[in-house]
Amino acid sequence: NISLSPNPFMIGRDNSLTISNLTSKSTIHIMNLSGKVVKKFILDEGNVVLNWDGRGDDGRYLNTGIYLVAGFHSSQTKGITKLAIIRK
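Keep in mind that this is a model prediction, so the values were computed, not measured. Sequence order as written defines residue numbering, which begins from 1 separately in each chain. Local features are withheld for residues below a pLDDT of 70 in this predicted model, meaning they are given only at 70 or higher, and side-chain atom pairs are given and counted only at 80 or more; totals for whole chains, interfaces and linings count all residues. Derived side-chain values reflect all non-hydrogen atoms in the structure, with water molecules and hydrogen atoms excluded from consideration.

1. A look at unusual backbone geometry
Part 1 of the argument: Following Ser5, the chain continues into Pro6 via a peptide bond in cis, with omega recorded as -5°.
Part 2 of the argument: Cis geometry is adopted by the peptide bond preceding Pro8, which originates at Asn7 and carries an omega value of 20°.
Part 3 of the argument: By the criteria applied, helices consist of DSSP H or I runs no shorter than four residues and strands consist of E runs no shorter than two, each listed in order from the N terminus. Relative to the elements of secondary structure, Pro8 occurs in the loop between strand 1 (3-5) and strand 2 (9-11).
Part 4 of the argument: Its identity is not glycine, yet Asn21 carries a phi of approximately 65°, on the positive side.
Part 5 of the argument: Relative to the assigned elements, Asn21 resides in the loop between strand 3 (17-20) and strand 4 (27-31).
Part 6 of the argument: Not every positive phi belongs to a glycine, and Lys25 is a case in point at roughly 65°.
Part 7 of the argument: Relative to the elements of secondary structure, Lys25 occurs in the loop between strand 3 and strand 4.

Below, the structure is given as structure tokens:
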């Protein structure tokens, strides 16, 4: 399972969100509850931990809400977990 710390992630208080327990060369999607991908990461070989500042692909901080974090490897879903974001 994908691990998130801290959860809830407080933008403006916490420096970054650590996403761990990943598989090397995975693709990570941060999605809103409608399923829209707001941030996408592709992990390099050997990289199994990711630190994220809470910005979407558009460069802006995400709004307060519940998001889904999904990990994919070799076109298979490896795990999905919920993330609470609080924007101060």
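After presenting the structure, the write-up continues.
2. A look at the layout of surface pockets
Part 1 of the argument: Whether a set of points on the 1 Å grid over the protein atoms alone is a cavity depends on a 1.4 Å probe fitting there but being unable to get out, while an open set qualifies as a pocket with protein on both sides within 12 Å along at least five of seven lines; lining residues are those with an atom within 4 Å of a point. Grid points are joined across faces, edges and corners, and a volume is the space filled by probe spheres set on the points. The volume enclosed by the largest pocket comes to roughly 260 Å³.
Part 2 of the argument: Lining the largest pocket we find 13 residues, and of these Lys36, Val38, Asp58, Arg60 and Leu62 sit closest to its centre.
Part 3 of the argument: Gly is put with the polar residues, along with every residue not named as nonpolar or charged; the nonpolar set is Ala, Val, Leu, Ile, Met, Phe, Trp, Tyr, Cys and Pro, and the charged set is Asp, Glu, Lys and Arg. Across the lining of the largest pocket, the residue classes break down as five nonpolar, three polar and five charged.

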